[in-house]
Amino acid sequence: MAVMGTMIMLGFGAVLLLMLLFYWGTYNALIGKRNQVENVFASLDALLKKRYDLIPNLVATVKNYMQHENETLTKVTELRARAESGNLTDDQKVDLDNQISGMMGRIMVQVEAYPDLKANENFMHLQRSLNEVEEQISAGRRAYNSSVTDYNNAIEMFPSSIVAGMHNFQKKKWFEASPQERESVSVAAAFES
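Predicted, not measured: the structure shown is a model, and the values here were computed from it.

1. Some thoughts on a nonpolar patch on the surface
Next, step 1: A grouping of Leu17, Leu18, Leu21 and Trp24 is seen on the molecular surface, where their side chains present a nonpolar patch of about 470 Å² in accessible area.
Next, step 2: Considering the arrangement of structural elements, one finds leucine 21 in helix H1 (residues 2-63).

The following block contains the structure:
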């Protein structure tokens, strides 16, 4: 009888130890995935800051030529100021970046109507710099979305979802193209507004 009791206790102890090891491993894996998302977002945030630093120079250069598009220039300046405020959540930064991307695309389309501006050396340099930053942001978005997918899968799939739920791990939002970016660019419509 004593041997049977010892065996039951050992079996119970082994099951408990396995459960603790599973919990510990899963929790650490979730923390690692969350930290990876935050790390990639920080890198992307640095690229967005670089873009925000280019915007005032671009607006100042373009403003002299584009008298009729002041609304667009004012809007992009306002969006940049909100982005620089530092009071935004990651999800708000994602939404704001989508708006800024749409406005910057709109400015670049409107530039086509100003041959003198397109020939301006300062503008051409800013445009090349902005294009380079946009390509880096695009690569950063892909890396971020990959990390977010990995993290979201981990917190939603069983059995790790149990540990994620116990510690209130929250789903992260992807960087997605805004509805305006998904539409075909209409040069005529850009100049009508």
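2. Some thoughts on unusual backbone geometry
Next, step 1: Cis geometry is found at the peptide bond from phenylalanine 158 to proline 159, where omega equals 10°.
Next, step 2: In this fold, proline 159 is placed in the loop between helix H5 (121-156) and helix H6 (160-166).
Next, step 3: Not every positive phi belongs to a glycine, and asparagine 168 is a case in point at roughly 55°.
Next, step 4: Turning to its location among the elements, asparagine 168 is positioned in the loop between H6 and helix H7 (179-182).

3. Section: the confidence of the model for the chain
Next, step 1: Chain-level pLDDT for the chain is 86 on average; 90% of the residues reach the 70-or-more range.
Next, step 2: When mean pLDDT is compared element by element in the chain, H6 scores highest at 95, while helix H8 (residues 187-192) scores lowest at 46.

4. Considerations on the packing of aromatic side chains
Next, step 1: Under the definition given, this model contains 6 aromatic pairs.
Next, step 2: Ring centres 6.3 Å apart and planes at 10° place the aromatic pair tyrosine 23 and tyrosine 27 in the stacked group. Of this pair, tyrosine 23 and tyrosine 27 are both found in helix H1, 4 residues apart, which corresponds to roughly one turn of the helix.
Next, step 3: Look at tyrosine 23 and you get partly exposed, because its relative accessible area is 29%.
Next, step 4: On the basis of relative accessible area, tyrosine 27 is assigned to the partly exposed category, the value being 28%.
Next, step 5: On the basis of an interplanar angle of 75° and a centroid distance of 5.4 Å, the ring pair of tyrosine 144 and phenylalanine 175 is categorised as edge-to-face.

Rules behind the numbers
- Residues numbered from 1 in each chain as written.
- Predicted model: local features only at pLDDT ≥ 70, side-chain atom pairs only at ≥ 80, totals over all residues.
- Heavy atoms only, no water.
- Patch = residues over 30% accessible without salt bridge, like charges linked within 9 Å, V, L, I, M, F, W, Y side chains within 5 Å.
- Areas by Shrake-Rupley, 256 points an atom, 1.4 Å probe, with all protein chains shown as cover.
- Salt bridge = Lys/Arg side-chain N within 4 Å of Asp/Glu carboxyl O.
- Helix = DSSP H or I, 4+ residues; strand = E, 2+ residues; numbered from the N terminus.
- pLDDT = per-residue confidence, 0-100.
- Phe/Tyr/Trp six-rings, centres within 6.5 Å; stacked < 30°, edge-to-face > 60°.
- Buried < 20%, exposed > 50% of the residue type's maximum accessible area, 1.4 Å probe, protein only.

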